[in-house]
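Chain by chain, the residues run as shown.
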Amino acid sequence: MGNQIDLLQGTLDLLILKTLALEPMHGWGIAQRIQQISEDVLQVGQGSLYPALHRLEQRGWISAEWNTSDNNRRAKFYSLTRTGRGQLERELGEWAKLSAAIAMVLQQS
Amino acid sequence: MLRRLREMLGWTGKQENDAADELKFHLEKEIEQNIAAGMKPEEARRRALIAFGGVDQTREALREVHGSRILESLRQDVRYGWRMLRKTPGFTAVAVLTLALGIGANTAIFSLIDAVIFRSMPIADPQSLLVLEWQAHKGPGNLSYRNFGDCDESHDSANPHGCSFSLPFFRQVQSQSSAFSHLAAYTAIGQLDMSGNGPARMVKGEFVTGDYFQTLGVGAHLGRLINAADDGASAQPVAVLNYGFWQTEFGGSESAIGKTIRLNGVPFQIIGVTDPRFDALTLSNKYDVIFPMAQRPGVLPNWKPRDDQADHWWLLIIGRLKPDVPVTQAEAGVGLMFRNNVGSVGKPLFKPDSDPRIKLAQASQVLGGGQKQALQPLYVLMLCVGAVLLIACANVAGLLLARSAVREREIAVRLAMGAKRSRIVLQFLTESVMLALAGGVLGLLVAIWGARALMAMVASGTPNPPIFSPQLDWRVLGFTAGISLLTGILFGLAPALRGSDVSLTASLKSVEGGNSGVRGRQHRLTAGGALVAVQMALAIVVLVTAGLLVRTLSNLKSLNPGFDAQNVLLFGVDPRLAGYKGAQIDQLYVQLQEKFSAIPGVTSATYSWIPFLAGGLWTTGFHRPGTPPPTKQEAESGAAEKNEVDSDVFPVGPKFFSTWGIPFHAGRDFTSADFAVAAGNEGDKPSSNPTPVIVNQEFARKYFPGVNPPLGKIFGELEPTGIGDAKAPGYVIVGVVADAKYNSLRREIKPAFYQPIIGGQAFFELRTGTDPMSLVPTIKNLVNQQSQDLAVFRISTETEAIERQVFTEKMTARLSSLFGLLALLLACLGLYGLLSYEVTRRTREIGIRMAVGARQHNVIRLVLAKAVGLIVAGAIVGIGAALLVTRFLSSFLYGVNAGDPLTLAAVAGLLIGVALAACYLPARRATRVDPLVALRYE
């Protein structure tokens, strides 16, 4: 747990959108993928994951569908919508700007 | 779309289950992963649960994600609003009551308008009932035309139209047109003398053709209704009773069926009673007894064969088309028959190129009889109550503004915690709409009570009670809901926007009651001031309206009608209906006049065709006195029209002028010789002596200028060449009397001549030294002694007749005054509230001023300066608005102009006076401020 960090508000949305850009996934899969890719630095708890997923779904950026997963169990799969793809582009651009700006400020001092 | 809607409605049970499944799946995957990592199943489950965290919190969070939709937030707002309103019961009660009054008054008036406009005809399928209407570029002439007020007619306007037709035309359509599945005609009869059921009395009758009730789709309550067989020339005389008449006159007894009554002396057998729902086809014409058309010649005492010819138009034609016949096709067919029929008369009824045609109009739209007259005063009242509601809105808005000041810390806290401004505005609006809806519900009660009270007032003041009744139908309920919602938004919007405009830091830092930092503070006062000024302005509009109507009423009542209306008893008799004929009638009148004159308490007795101010009017046209009578060519080409003048005609008996107190300016009263001459000229073969007449001053001034007095002058004579008429000797003037009103107080005095009354019905007019009504039993006795078949009808006094004339004016004047006072009261409450708030807010300032030596009058001036500014601003705007609005009143006004400066000044004075009085309490409170207490706030 020691090397985990809290996610900034809003960044979770970006991570979810990015993860779903590859392929449709259920909630657990999204959390696993984020954890793996960040090499266990970013752990997404269900308490923030599912509200975020439902919020994104309501905004129309992702859509959800019940499907069978492995072992023939039913799971809710999320996939990126067209508007969601656009939103991802925008947020990536903003993130790039923000991190560049923060980097500049930090290097200055 | 559906999904969106469901999302708007919020979290559903299915979504709840879905979310549970989703979370369960997640947990199972965790457990699986832990097992895969080598844990025992139990350990794997325990660890997974720990890592998973609180499921309930997540579900709550999800609920919030979905629930923060309109309905959920609305539910929150309503709950919150309810708490806030309950916390301040005084405010809530005042606001709800104010709104209930405003909304209730509006709903009450609207329900009356609704009942008049949307009164559906009490028949089957009213939409498909059609009425024949003639239209032409120029109205018809050369004919006898009667209209009983069922149909809105116009003969002179750009688009002349009407609904009266001749019997031959109806028969032609009936026999030749195949377009109708049902076709019927009807006409009013007027007063009929009914005997055989208690003492003789007058009833209102209607003649209908055989298919009338089938066309309307009206059934019988009892017995049967008139059918085609009853309308044959040799059929037995039968009659149908109106349900209401049957109730009052026959006590609703079934034994009435089969009973024989005599109408104008003709025996009729009662065969049925109409359905109770069928009161009347049009608002103004309700009939007691209905007969087959074929009985007209027997019943009508003065019926002549020529009444049934094509140039006598007096019946209305209604019908329903066969399902497959288009209206335009039927109109074309009937129109052709109409032109043929009109062309068969032998004299031109329509001028060339006036293009007469037939329109099949919806009966519900054309047969509006009496609707316009009923609606006009209601519209004026609607204007008044509308303004009252706006004032009430402004009042509640003012209260809310003051309250939003108290709540600014609460709002600041919510804003600081991340609430959006739109959310706060919505919250405020929810509260105001809740108030308005509560006011609306209470207002409905006010409306039901108010509408009933109004109807009772109307019913008590008119001889013919209105046959429409206000009901809470969906239109009225919709109206109430609509204006409640609208008022809620209207009075809530300004406070909501102001209230949410809070400067955070200042408000949060501020101490309760101290000087706080609302950005909108200065604005709020301005907004409150504007509201008060608007209230003042609206109150002025209502008060000016009321003032003008009150002045109209008093002008009409104090008007000198030209005769003495006090202590005059009126009643009608129609000896024709009791079998009297020709000269017998005149002899009877003379005998009755003698007998009435001898009654102790009667100072003078006379009779005339109708009394003054009874509504009836007779006018006649003749060629201008001093010009030669028109030749036949002139009459036919229309060239004679330019020399045509007209005059009112008033047939009167002996001693008419002395009984009414109308002074002679020249000449003399009628003598018995005059009556003999008039009787001689009455028939088809007039004598060569002109009928003696007495003219009014206006007549003498207008038609005999420069001849003063025009005694012995002759006018109105016709040469035998005049079309359609034999030689007529005209009239000779034997006297000139002072001007007097004829049929209506409002109508200006026109040229009029009085001629000796011959035959027909008459009203007796008895001037009494005591209460006129106390003589009624004596009179009935006398008439009964004379003849048992003779009925006395329409007994009243002349003052009652005048009261009836001004009844509408009285109602509108009283109600608008009531609403005007209500408006004034509410506006002053608004002013009082604003000033109280102002004084409270400036307590500290006033304290300091007083501490440094300000005197009482300085403090009062401080408070009043603002109030006076508001009042004056409101008054100026209000007078401007009143000038605009009251223009629409001009048709109601009499003897006063819409922009009457006296009324405006009086209203402005009243308003300023009362408003200043409303300032007194807050101002006095300001002077009582204790500087020490005020300063201790710091």
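Residues numbered from 1 in each chain as written. Chains lettered and ligands numbered in written order. Predicted model: local features only at pLDDT ≥ 70, side-chain atom pairs only at ≥ 80, totals over all residues. Heavy atoms only, no water.

## What to know about the nonpolar core
All names here are of chain B.
Part 1: Residues Leu435, Phe596, Phe612, Ile662 and Tyr754 are the most contacted members of the largest nonpolar core, which totals 153 residues.
Part 2: When residues of this core are assigned to their parent elements, the largest contribution, 18 residues, is made by helix 13 (residues 371–406).
Part 3: Core analysis: the next-biggest nonpolar cluster, separate from the first, contains 51 residues, Phe170, Ala330, Val334 and Leu360 among them. (Core = buried A, V, L, I, M, F, W, Y, C linked by side-chain atoms within 4.5 Å. Buried < 20%, exposed > 50% of the residue type's maximum accessible area, 1.4 Å probe, protein only. Helix = DSSP H or I, 4+ residues; strand = E, 2+ residues; numbered from the N terminus.)

## Overview of the confidence of the model for chain B
Part 1: Predicted confidence across chain B gives a mean pLDDT of 83, with 90% of residues reaching 70 or more.
Part 2: When mean pLDDT is compared element by element in chain B, helix 21 (residues 656–660) of chain B scores highest at 95, while helix 1 (residues 2–9) of chain B scores lowest at 50. (pLDDT = per-residue confidence, 0-100.)

## Some thoughts on the pairing of strand 14 (residues 568–573) of chain B
All names here are of chain B.
Part 1: Within strand 14, six of the six residues are buried, leaving the element largely enclosed by the surrounding structure.
Part 2: Residues Val568, Leu570 and Gly572 of strand 14 are buried on one face, and the alternating residues Leu569, Phe571 and Val573, pointing to the opposite face, are buried as well.
Part 3: In this sheet, strand 23 (residues 762–768) lies alongside strand 14 in antiparallel orientation, the contact comprising six bridges. Within strand 23, the residue paired with Gly572 across the bridge is Phe763.
Part 4: The sheet contact formed by strand 14 and strand 24 (residues 792–797) spans four bridges and is antiparallel. When the sheet's bridge partners are listed, Leu570 is paired in strand 24 with Ser796. (Pairing = 2+ DSSP bridges.)

## Overview of the interface of chain A and chain B
Part 1: Taken together, the contact pairs 23 residues of chain A with 22 residues of chain B.
Part 2: Buried area between chain A and chain B, summed over both chains or domains, comes out near 2,100 Å², and the portion from carbon and sulfur atoms is 52%.
Part 3: The largest per-residue losses of area from chain A upon contact with chain B belong to Trp28(A), Gln46(A) and Gln58(A), which jointly make up 37% of the total buried on that side.
Part 4: For the pair chain A and chain B, the number of links is three salt bridges.
Part 5: Measuring nitrogen to oxygen at the nearest pair gives 2.1 Å for the salt bridge that ties Glu32(B) to Arg73(A).
Part 6: At the junction of chain A and chain B, the tally comes to seven residue pairs in polar contact (both at pLDDT 80 or more).
Part 7: Mapped by element, the contributors of at least two residues to the side of chain A that touches chain B are helix 2 (27–37), helix 3 (46–59) and strand 3 (74–80) of chain A.
Part 8: Sorting elements by how many residues they give to the side of chain A that touches chain B places helix 3 of chain A first, with nine residues.
Part 9: Each residue belonging to the side of chain A that touches chain B can be placed in one class, and the counts come to eight nonpolar, nine polar and six charged. (Contact = heavy atoms within 4.5 Å. Buried area = accessible area lost by both parts, 1.4 Å probe. Salt bridge = Lys/Arg side-chain N within 4 Å of Asp/Glu carboxyl O. Polar contact = N/O pair within 3.5 Å; in protein donor to acceptor, adjacent residues only side chain to side chain. Nonpolar A, V, L, I, M, F, W, Y, C, P; charged D, E, K, R; others polar.)

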